[in-house]
Amino acid sequence: MMTMYSVIKDVCGGEVMRSFSFTKMHGLGNSYIYVNMFKECLAEEELSYIAKRVSNVHTGIGSDGLILICPSDVAPVKMRIFNSDGSEGKNCGNGLRCVAKYAYEHGIVQEEQFLIETLSGLVEARVFVEDGKVNSVEVNMGKPRLSRAEIPMIGKEDDIVVSEPIEFEGHTYYMTGVSMGNPHAVFYVDQIEDAPVTSLGPIVEKDERFPEGINVEFVEVVNDRELHFRVWERGSGVTQACGTGACAAVVASVLNGKTKRNEETVVHLAGGDLYITWKENGDVLMRGAAETICIGVYYY
Ligand SMILES: N[C@@H](CCC[C@H](N)C(=O)O)C(=O)O
């Protein structure tokens, strides 16, 4: 049943407050507050504000952002994702695995393979179920988009960006650009521990050469099937994991001759591992965990 802005009266001040039910979930430590929009109704103009509020570790619930699990006209379910700064993203790999788990476990879908709509298109999820619980999910993330126009990055529209020298604050770095429905800049480092995540990350994210901002990934190549990975996410800063970022890292690594097309690569993120294959037909497959942390009611 739809609850139109559940309203409660605060017993102390008689102040009217609104509330919604939420589920906190994470994919490898990349946590979001999930709201089931089949049941709840949040005002469009308040979504950015709510994302900022719930994400705050001290005064909210604490998360990397807000994810809405919505009805769709073209799929059984649609995902919308808001970063912790309130900006709306177009895709979220860890979010997709959690949405798939939620949709299956809450009966929004009955099949183990189904479509999810995102702002950047349709993807196909497959849940792996044991005793009625989803313990991992594979998502076909579709084809990476590689042209500057698609990333987006200023410059000659059709050109791709592979190990391109680029200057930030007087230093030259080598960047590979990939869109997985959202923008990613991939940089290689010798030692993942020394990656300049918090120093270079925010500078690259906001650089004017990326008109929509960009997610920034640092990658250490272990061998042709294994990568270490750290991320500075657009709109959320350092997170434990980024699913689309890990896919971008694998695509970038194939383009740079560091890993192989059509072979599974293990990406070690701060929060755990993802298994990613850039298939011969162009699709990127991502497989990994999705976890429920808690449920609750949020008052605002
Ligand atoms: N954590 C995500 C990506 C979330 C959106 C991103 N910060 C953006 O603004 O594009 C993932 O797992 O992919």
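Rules of the game
- Residues numbered from 1 in each chain as written.
- Predicted model: local features only at pLDDT ≥ 70, side-chain atom pairs only at ≥ 80, totals over all residues.
- Heavy atoms only, no water.
- UniProt positions renumbered as here; feature names shortened; annotations may be inferred.
- Helix = DSSP H or I, 4+ residues; strand = E, 2+ residues; numbered from the N terminus.
- Buried < 20%, exposed > 50% of the residue type's maximum accessible area, 1.4 Å probe, protein only.
- Core = buried A, V, L, I, M, F, W, Y, C linked by side-chain atoms within 4.5 Å.
- Domains from an automatic or database assignment.
- Contact = heavy atoms within 4.5 Å.
- Phe/Tyr/Trp six-rings, centres within 6.5 Å; stacked < 30°, edge-to-face > 60°.
- Lys NZ or Arg CZ within 6 Å of the ring centre and 35° of its normal.
- 1 Å grid on protein atoms, 1.4 Å probe; cavity = no way out; pocket = protein on both sides within 12 Å on 5 of 7 lines; lining within 4 Å.
- Patch = residues over 30% accessible without salt bridge, like charges linked within 9 Å, V, L, I, M, F, W, Y side chains within 5 Å.
- Areas by Shrake-Rupley, 256 points an atom, 1.4 Å probe, with all protein chains shown as cover.
- Salt bridge = Lys/Arg side-chain N within 4 Å of Asp/Glu carboxyl O.
- Lys, Arg positive; Asp, Glu negative; His and termini not counted.
- Buried area = accessible area lost by both parts, 1.4 Å probe.
- Polar contact = N/O pair within 3.5 Å; in protein donor to acceptor, adjacent residues only side chain to side chain.
- Nonpolar A, V, L, I, M, F, W, Y, C, P; charged D, E, K, R; others polar.

As named in an unreviewed UniProt entry, the protein chain is Diaminopimelate epimerase, taken from Anoxybacillus flavithermus. The Sequence similarities (unreviewed entry) field of the UniProt record for the protein chain holds the comment "Belongs to the diaminopimelate epimerase family." The heading Subunit (unreviewed entry) in the UniProt record of the protein chain holds the text "Homodimer."

Peer 1: Just to check I follow, could you spell out unusual backbone geometry for this structure?
Peer 2: Across the chain, the bulk of peptide bonds are trans and the bulk of non-glycine residues have phi less than zero. With omega at -10 degrees, the peptide bond leading from Ile151 into Pro152 counts as cis. The phi angle at Asp131 is positive, at roughly 50 degrees, despite the residue not being glycine. On the secondary structure map, Asp131 appears in the loop between strand 10 (121–130) and strand 11 (133–140). Positive phi values are uncommon outside glycine, yet Glu169 reaches one of about 50 degrees. One can find Glu169 in the loop between strand 12 (164–168) and strand 13 (171–179). Residue Glu169 is classed as exposed on the basis of its relative accessible area of 64%.

Peer 1: Got a minute to help me understand the nonpolar core in this structure?
Peer 2: Within soluble globular proteins, side chains that are nonpolar generally end up buried alongside one another. Formed by 53 residues in total, the largest nonpolar core has its most connected members in Phe114, Ile116 and Ile276. The element that contributes the greatest number of residues to this core is helix 4 (residues 243–255), accounting for 8 residues. Split by domain, this core shows at least three residues from each of two domains, domain 1 (19–141 + 289–299) and domain 2 (148–282). The contacts of Ile116, once residues within four sequence positions are left out, are Ala75, Val77, Met79, Leu96, Val99, Ala100, Gly121, Leu122, Val123 and Ala125. Grouped together as the second largest cluster of nonpolar side chains are 19 residues, Met175, Leu200, Ile214 and Phe218 included.

Peer 1: What am I meant to see in the packing of aromatic side chains here?
Peer 2: Any pair of aromatic rings gets described here by the distance separating the centres and the angle formed by the planes. Counted by the stated rule, this structure contains 8 aromatic pairs. Measuring from ring centre to ring centre gives 6.3 Å for Tyr173 and Phe187, while their planes differ by 80 degrees; the resulting arrangement is edge-to-face. Of this pair, Tyr173 sits in strand 13 while Phe187 sits in strand 14 (residues 183–188), placing them 14 residues apart in sequence. Relative accessible area serves as the criterion here: at 3%, Phe187 is assigned to the buried category. By way of ring pairs, the aromatic residues Phe168, Tyr173, Phe187 and Phe218 are connected into one cluster. When the ring centre of Phe168 is taken as origin, the NZ or CZ atom of Arg209, which lies over that ring, is 4.9 Å away.

Peer 1: It is not clear to me how the UniProt feature "binding site: substrate" (unreviewed entry) in the protein chain should be interpreted in this structure. Could you clarify?
Peer 2: As annotated by UniProt and renumbered to match this structure, "binding site: substrate" (unreviewed entry) occupies Asn30, Asn83, Gly93, Asn94, Asn182, Asn215, Glu233, Arg234, Gly243 and Thr244. From the list above, the largest cavity is lined by Asn30, Asn83, Gly93, Asn94, Asn182, Asn215, Glu233, Arg234, Gly243 and Thr244. Following the sequence through the fold, Asn215 ends up in strand 15 (residues 215–223). A relative accessible area of 3% places Asn215 in the buried class. What Asn215 contacts, discounting residues up to four positions off in sequence, is Asn182, Pro183, His184, Ala185, Trp232, Glu233 and Arg234. By secondary structure assignment, the location of Arg234 is in the loop between strand 16 (226–233) and strand 17 (237–239). For Arg234, a relative accessible area of 14% corresponds to the buried category. The contacts of Arg234, once residues within four sequence positions are left out, are Asn83, Gly89, Lys90, Asn182, Pro183, Glu205, Glu212, Gly213, Ile214 and Asn215.

Peer 1: Is there a simple way to think about the environment of Ala252 in this case?
Peer 2: Along the chain, Ala252 falls in helix 4. For Ala252, a relative accessible area of 0% corresponds to the buried category. Once residues within four sequence positions are removed from consideration, Ala252 is found in contact with Thr176, Val178, Val186 and Tyr188.

Peer 1: It is not clear to me how a nonpolar patch on the surface should be interpreted in this structure. Could you clarify?
Peer 2: Where nonpolar side chains cluster on the molecular surface, the patch consists of Val74, Leu115 and Leu122 and spans about 250 Å² of accessible area. Residue classification places Leu122 among the partly exposed residues on the basis of a relative accessible area of 45%.

Peer 1: I keep staring at the side chain of Arg97 and nothing clicks. Help me out?
Peer 2: Locating Arg97 in the fold gives a position in helix 2 (residues 93–105). Although Arg97 is buried, it forms no salt bridge, and the closest oppositely charged side chain is Glu291 at an N-O distance of 8.8 Å. In this structure Arg97 touches Gly27, Leu28, Val137, Val139, Leu274, Met286, Gly288, Ala289 and Ala290, once residues within four positions along its chain are discounted.

Peer 1: Whenever I open this one, the domain arrangement of the protein chain confuses me. Can you help?
Peer 2: Splitting the protein chain by domain gives domain 1 (19–141 + 289–299) and domain 2 (148–282). Its C-alpha centre places domain 1 at a distance of 24 Å from the equivalent point of domain 2. Listed per partner, the contact involves 19 residues of domain 1 and 20 residues of domain 2. If you sort the residues of domain 1 by the area they bury against domain 2, Leu28, Asn91 and Met141 come out on top, with a joint share of 37%. Joining domain 1 to domain 2, the criterion identifies 1 salt bridge. For the salt bridge of Glu212 with Lys90, the shortest nitrogen-to-oxygen distance reads 3.8 Å. In this structure, the connection of domain 1 to domain 2 is made through 8 residue pairs in polar contact (both at pLDDT 80 or more). Those elements that provide at least two residues to the side of domain 1 that touches domain 2 are strand 4 (30–36) and helix 2. Considering every element that reaches the side of domain 1 that touches domain 2, the biggest residue donor is helix 2, with 3 residues. Here the side of domain 1 that touches domain 2 is built from residues that sort into 4 nonpolar, 11 polar and 4 charged.

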